[in-house]
Amino acid sequence: MSAAPILRLAGVTRSFGPVEVLHGIDLDLRAGEVHALIGENGAGKSTTMKILAGYQPATRGRILLDDQEVTFRSLHEGEEAGIVMIHQEFNLAEQLTVEQNIFLGRELRRGWLLDKAEMRKRTRAYLDRVKCPVDPDTPVSRLSNSDKQMVEIAKALSRDARVLIMDEPTAVLTNTETRVLFEQVRAMRAAGTAILFTSHKLGEVAEIADRVTVMRDGSVVHTGPASAISEDGMASAMVGRDVSDLYPAKPAAAPEPAIALRVRGLDVPGHAEAIGFDLHAGEILGIAGLIGSGRTEAMEGLCGLRPATTRALEIGGKPATIRRPSDALAHGLCYLTEDRKLRGLLLEKGMRVNLTLQALAKFGRVLIDQAAEERALDTAIREFDIRAGRRDMRVGNLSGGNQQKLLLAKVMQSEPRILVVDEPTRGIDIGTKQQIYAFLRALAAEGRAIIVVSSEMQEVIGLSDRVLVMRRGRIAGRLEGAEITEDTIVRHAMGVGASSQERVA
Amino acid sequence: MAMDTTTPASRRSLPSMSVLGPIIALVALVVIGALLNPNFLGAANITNVLARSAFIGIIAVGTTFVITAGGLDLSVGSMAAFIAGLMILVMNAALPTLGVGVPIILLGMATALAAGLIAGLINGFLITTLGIEAFIVTLGTMGIYRSLVTWLADGGTLSLDFGLRTFYRPVYFDGILGISWPIIVFALVVIGGEILMSRSRFGRHCAATGSNEHVAHYSNVNVNRTRLFTYAMLGMLVGVATIMYVPRLGSASASTGVLWELEAIAAVIIGGTVLKGGFGRVWGTVIGVLILSMIDNILNLTDLVSPYLNGAIQGVIIVLAVILQREAKAKG
């Protein structure tokens, strides 16, 4: 473990214009060691990784490769030196096949022609190592996110990386897939690769990392062996305060709660069938299940966002029909998407336009009252603690946590009585998570009904009054009170004794 | 690597190049024109430039909405020719019963508006409901309308009856207070369009649809209906432009409105609307139209450069405009 560092940052700073975002970072990556880099969004993790991989130059300070000072003029030079980075937003050519992607830029040739047979053989071998059963001829655009992640990892394997840098590799993986990934990470560690990864899942960090570096506000605030720091310790170091009370207290259930939503026989062709449940006013109902179990599709079908049929639907005790999103909104039912970048926010536009888009009719039937919009934005920034550098900045330039807060503020403009939130805290830092949890609980306390769809087990357990577990498009279990444990949820999600492989349909 | 942080001061002090660029270009053209030919700023020439800009301009306002909502329409030039031909046929046919007078003119106008609306709805229906690429659909209808007008004219020219033509002429040549009707109509369309684009729900929905249709769908925007409206509106505006155009020559042929669609798209792009959708401005389109017709006018008034090079100069301007847009985007 005390091998000499392969790649080292010494006193690295980075400025964008007059703003310094990294202040003198020291970090070393050693052969045969897994190094976790953790911190809140905006702490400077991504910039640090990009400097390591040669995507961005350092403003000051030195980058040492095998104790020699180096300057990577391009990403290509970094790769030549054996440094491979896997981005959070995948770096795959969507229209090309898996095989073409893995060998992109380094195609094998026999004379003038491509050696397709050899490339096919090797692609299969790499995919087998990550237990990814996709056909090398599948276009990447048809893969699920988790398969794309595995293809990225296969691509890194094919490059014989000396240093592998991964930005939140497990964010889109199911637990089973995470296990496969960790197996590969261990194998690469044993083979002497230096590995750096970031994650918001501290349990994973404790499990696989040998060393942990914690960043806060552009500086390293802690670095040391993973065995010497607890998960609570990591969280506290990241936020700079105590976060042991991440989840708000659950109130005692009302004796006879009003039924806000009654769903019977909800079918979403190809994704979910015979979904039925009651949702009470004032409660948070968790929906758990593997990625691909139909949770998102069922909720989108319920809210009129995709074709679906219901045998019976009652909202606030009255029968209702929902065919399109506007019907759902008219009944006070609102869905907050899991994909804030592709379905939630217009990244090219500013905060005002995004905030009011869904409830635009409130700001004028034909002509929009822009002054009223500005007032709504003032209120939202205050209530949701949205931190933007400039009021008119593009939403795409906000940090993930602030985007998520803006998205919440946006759906709240529709004043929903029933709010369905899908992955409300994906890829955001722990401080913001805490704020969002408190906010959801406050909404429930006001008498609204909340559904939380989440892949994060801890989130479902910590937040929900009751839990539905979905498996293969059906409700596999309904849990209440003390039954809500990681073990029971996993059993229902996997189907006890059944194969744990569940892929996106 | 785009920078995430920009200093507020450098953005506040001056509007970006994408806003200033077209305005500066227009002012420069006016100055050049005035220096090269003293008649350039005369009332007669200004009226001439504006009246000729009106046809493309009225259509380009509609095109601005289509492009902002992430669409494209290549059929407008042929559509204008077809509507002109249809209008002339209908009016000539009604002449024996209605005689020369206001009713027959109103009939012609109604024909043009209805035909434009229907043609726009057909484009919009094929693109939104059937989900065919806008480029393909409008390439197809472009060929269909061009062929139809050639067929209607039997390869020649469709001419309005002489008496009718004399009666209808004032719609192009007369006006109020010395401002001719095409200019007045153009101005009204522009004012309406600008308000619709920047202040109305419809304009906001167009920008949202063009920016990211999934986000728009999840935000309770009826994406298909928004797109359909933009095509229908463009069709109507083509009808309006044709109403202004027919009295000018009193005829329609296979060569009527050739390349109007590309001029309209060029004007929209020069004006700063983003070709892939998501952002549009009507006032920019007006400047784009004026830039294009002023280049034409200056080349015709002076013998510095051959008027045959008109297309080349317009081409350079279009490419320059897009480069400016890209730089503005990299900075923002």
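Because the structure is predicted, anything quoted here is derived from the model rather than measured. (Residues numbered from 1 in each chain as written. Chains lettered and ligands numbered in written order. Predicted model: local features only at pLDDT ≥ 70, side-chain atom pairs only at ≥ 80, totals over all residues. Heavy atoms only, no water.)

Trainee: Can you walk me through the overall build of chain B in this structure?
Mentor: Scanning chain B from N- to C-terminus turns up 15 helices and four strands. Here the C-alpha atoms of chain B give a radius of gyration of 21 Å, agreeing with the 20 Å that 2.2 N^0.38 yields for 332 residues. The C-alpha extent of chain B, read off along each of the three principal axes, is 70 × 55 × 35 Å. Taking all 332 residues of chain B together, the buried fraction comes to 50%. Considering only residue pairs separated by 6 or more positions, chain B has 78% of its internal contacts joining residues 24 or more positions apart. Surface accessibility of chain B: about 14,800 Å² in total, with carbon and sulfur atoms responsible for 70%. (Helix = DSSP H or I, 4+ residues; strand = E, 2+ residues; numbered from the N terminus. Rg over C-alpha atoms; globule rule 2.2 N^0.38 Å. Buried < 20%, exposed > 50% of the residue type's maximum accessible area, 1.4 Å probe, protein only. Contact = heavy atoms within 4.5 Å. Areas by Shrake-Rupley, 256 points an atom, 1.4 Å probe, with all protein chains shown as cover.)

Trainee: Even after reading the chapter, I still don't get the nonpolar core, so can you show me in this structure?
Mentor: In summary, soluble globular proteins display a tendency toward joint burial of nonpolar side chains. All names here are of chain A. Counting 88 residues, the largest nonpolar core has L419, L440 and I450 as the members making the most contacts within it. The element that contributes the greatest number of residues to this core is helix α15 (residues 430–445), accounting for seven residues. Among the domains, domain 1 (7–239) and domain 2 (259–494) are the pair contributing at least three residues each to this core. Not counting residues up to four positions away in its chain, the partners in contact with L419 are C334, L408, V411, M412, L440, L443, A449, I450 and I451. (Core = buried A, V, L, I, M, F, W, Y, C linked by side-chain atoms within 4.5 Å. Domains from an automatic or database assignment.)

Trainee: Explain the interface of chain A and chain B to me, please; I cannot follow it from the model alone.
Mentor: Counting residues at the interface gives 38 residues for chain A and 31 residues for chain B. Between chain A and chain B, roughly 3,100 Å² of surface is buried when both sides are summed, and carbon and sulfur atoms account for 54% of that area. With a closest N to O distance of 2.7 Å, E373 of chain A and R204 of chain B form a salt bridge. Counting across the chain A and chain B interface gives twelve residue pairs in polar contact (both at pLDDT 80 or more). Contributing elements (two or more residues each) for the side of chain A that touches chain B: α10 (325–330), α11 (340–344), α12 (351–356) and α13 (370–384) of chain A. Considering every element that reaches the side of chain A that touches chain B, the biggest residue donor is α11 of chain A, with four residues. (Buried area = accessible area lost by both parts, 1.4 Å probe. Salt bridge = Lys/Arg side-chain N within 4 Å of Asp/Glu carboxyl O. Polar contact = N/O pair within 3.5 Å; in protein donor to acceptor, adjacent residues only side chain to side chain.)

Trainee: Which parts of the structure should I look at to understand the sheet that holds strand β22 (residues 474–480) of chain A?
Mentor: Strand pairing within a sheet occurs via backbone hydrogen bonds; the two strands may be parallel or antiparallel. Residue and element names in this part refer to chain A. With mixed pairing, six strands are arranged side by side in an open sheet as β18-β19-β20-β15-β21-β22. Strands at the two margins of the open sheet, each flanked by one partner only, are β18 (333–336) and β22. Here the average twist between neighbouring strands, direction ignored, is 20°. Inspection of the sheet shows strand β21 (residues 466–471) paired to β22 by six bridges, in the antiparallel sense. (Pairing = 2+ DSSP bridges. Axes fitted to C-alpha atoms, helices over the stretch in contact; angles between N-to-C directions.)

Trainee: Please clarify how the environment of L468 of chain A should be interpreted in this entry.
Mentor: Residues and elements named next belong to chain A. Mapped onto the elements of the fold, L468 is located in strand β21. By relative accessible area, which is 3% here, L468 ends up buried. Taking the C-alpha atoms as reference, L468 lies 10.0 Å from I451; in sequence the two are 17 residues apart.

Trainee: Would you mind going over the sheet that holds strand β10 (residues 194–198) of chain A with me for this structure?
Mentor: Residues and elements named next belong to chain A. Taken together, the six strands give an open sheet; going across it, the order is β6-β9-β10-β3-β11-β12, and neighbouring strands pair in mixed fashion. At either margin of the open sheet sits one strand with a lone partner, and together these are β6 (83–86) and β12 (219–225). The mean angle between the axes of side-by-side strands here comes to 15°, regardless of whether they run parallel or antiparallel. Sheet topology places strand β9 (residues 163–166) next to β10; four bridges connect them, and they run parallel. Among the inter-strand pairings, V163 is bridged to a residue of β10, identified as A194. Each of β6 and β9 touches helix α5 (residues 145–158); the most contacted strand, β6, lies at about 180° to it.

Trainee: Where do I start with the domain arrangement of chain A in this structure?
Mentor: Bring the parts together and some accessible area is lost; that lost area is often taken as the interface size. All names here are of chain A. Taken domain by domain, chain A consists of domain 1 (7–239) and domain 2 (259–494). Our count for the contact surface shared by domain 1 and domain 2 stands at zero salt bridges. One can count zero residue pairs in polar contact (both at pLDDT 80 or more) joining domain 1 with domain 2. Take the side of domain 1 that touches domain 2: its biggest share by element is three residues, from helix α8 (residues 231–239). Per-class residue counts for the side of domain 1 that touches domain 2 are seven nonpolar, five polar and four charged. (Nonpolar A, V, L, I, M, F, W, Y, C, P; charged D, E, K, R; others polar.)

Trainee: Looking at this structure, I do not really get the pattern of salt bridges. What am I missing?
Mentor: Charged atoms that come close allow side chains of opposite charge to pair. Enumeration over the complete set of coordinates arrives at 36 salt bridges over all chains. Where R120 of chain A meets E99 of chain A, a salt bridge forms, and the shortest distance between an N and an O atom there is 2.9 Å. Placement of the pair is R120 of chain A in helix α4 (residues 116–129) and E99 of chain A in helix α3 (residues 98–102), with a sequence separation of 21 residues. According to the relative accessible area criterion, E99 of chain A is buried, its value standing at 5%. Residue R179 of chain A is joined to E207 of chain A by a salt bridge in which the shortest nitrogen-to-oxygen separation is 2.6 Å. Highlighted residues: R179 of chain A in helix α6 (residues 175–190) and E207 of chain A in helix α7 (residues 202–208), separated in sequence by 28 residues. With a relative accessible area of 39%, R179 of chain A lands in the partly exposed category. It is possible to trace a salt-bridge network through shared partners that takes in R352, E373, E374, D378 and R391 of chain A together with R204 of chain B.

Trainee: Any chance you could explain the pairing of β9 of chain A here in plain terms?
Mentor: Note on strand geometry: in a regular strand, side chains alternate between the two faces of the sheet. Residues and elements named next belong to chain A. Of the two faces of β9, the one holding V163 and I165 and the one holding L164 and M166 are both buried throughout. As judged from the four bridges shared by β6 and β9, these two strands associate in the parallel manner. Within β9, the residue paired with I83 across the bridge is V163. For the crossover that starts at β9, traverses α6 and ends in the parallel β10, the hand is right-handed. (Right-handed = clockwise from strand over helix to strand, strands pointing away.)

Trainee: Where do I start with the side chain of Q413 of chain A in this structure?
Mentor: With respect to the element layout, Q413 of chain A can be found in the loop between α14 (400–412) and β19 (418–422). Among all residues touching Q413 of chain A, those that are not within four sequence positions of it are L355, A359, K362, F363 and A376 of chain A.

Trainee: Mind showing me how you'd approach the packing of helix α3 (residues 43–68) of chain B against helix α9 (residues 181–199) of chain B here?
Mentor: For any two helices packed against each other, the geometry is given by the interaxial angle and the distance between the axes. Residues and elements named next belong to chain B. Contact pair α3 / α9: the axes reach a minimum separation of 8 Å and the direction vectors enclose 25°. Of the possible angle classes, the one that applies to α3 and α9 is roughly parallel. The two elements α3 and α9 meet at a crossing, and its hand is left-handed. Note on element contacts: α9 touches α3 through P182, I183, V185, F186, V189, V190, G193, L196 and M197, opposite T47, L50, A51, S53, A54, G57, I58, V61, T64, F65 and T68. Residues of the contact of α3 with α9, tallied by class, amount to 14 nonpolar, six polar and no charged. (Parallel < 35°, antiparallel > 145°, perpendicular 65-115°, else oblique. Left-handed = near helix turned anticlockwise from the far one by under 90°.)

Trainee: Before we go on, may I ask you to explain unusual backbone geometry in this structure?
Mentor: Trans peptide bonds make up the majority, and among non-glycine residues the majority have a negative phi. All names here are of chain A. Not every positive phi belongs to a glycine, and D66 is a case in point at roughly 50°. With respect to the helices and strands, the residue D66 is situated in the loop between β4 (60–65) and β5 (68–69). A positive phi is found at A274, a non-glycine position, where the angle reads about 50°. With respect to the helices and strands, A274 occurs in strand β14 (residues 272–280). Taking the relative accessible area as the measure of exposure, A274 reaches 45% and is therefore partly exposed.

Trainee: I would appreciate a short explanation of the environment of R165 of chain B in the present structure.
Mentor: All names here are of chain B. Locating R165 in the fold gives a position in helix α7 (residues 162–168). In the structure, R165 is positioned 84 residues away from L249 in sequence and 8.6 Å away in space, judged by C-alpha atoms. Each residue touching R165, except ones within four places of it in the same chain, is listed here: S159, L160, L249 and G250.

Trainee: For this particular structure, what's the right way to read the packing of aromatic side chains?
Mentor: Any aromatic ring pair is given by two values, namely how distant the centres are and how the planes are angled relative to each other. Residue and element names in this part refer to chain B. Within the structure shown, the criterion is met by ten aromatic pairs over all chains. Ring geometry for F202 versus F229: centroids 6.2 Å apart, planes at 50°, classification tilted. Taken together, the positions of F202 in helix α10 (residues 201–211) and F229 in helix α12 (residues 223–249) put the pair 27 residues apart, joining distant regions of the chain. On the accessibility criterion, F202 (17% relative accessible area) is buried. (Phe/Tyr/Trp six-rings, centres within 6.5 Å; stacked < 30°, edge-to-face > 60°.)

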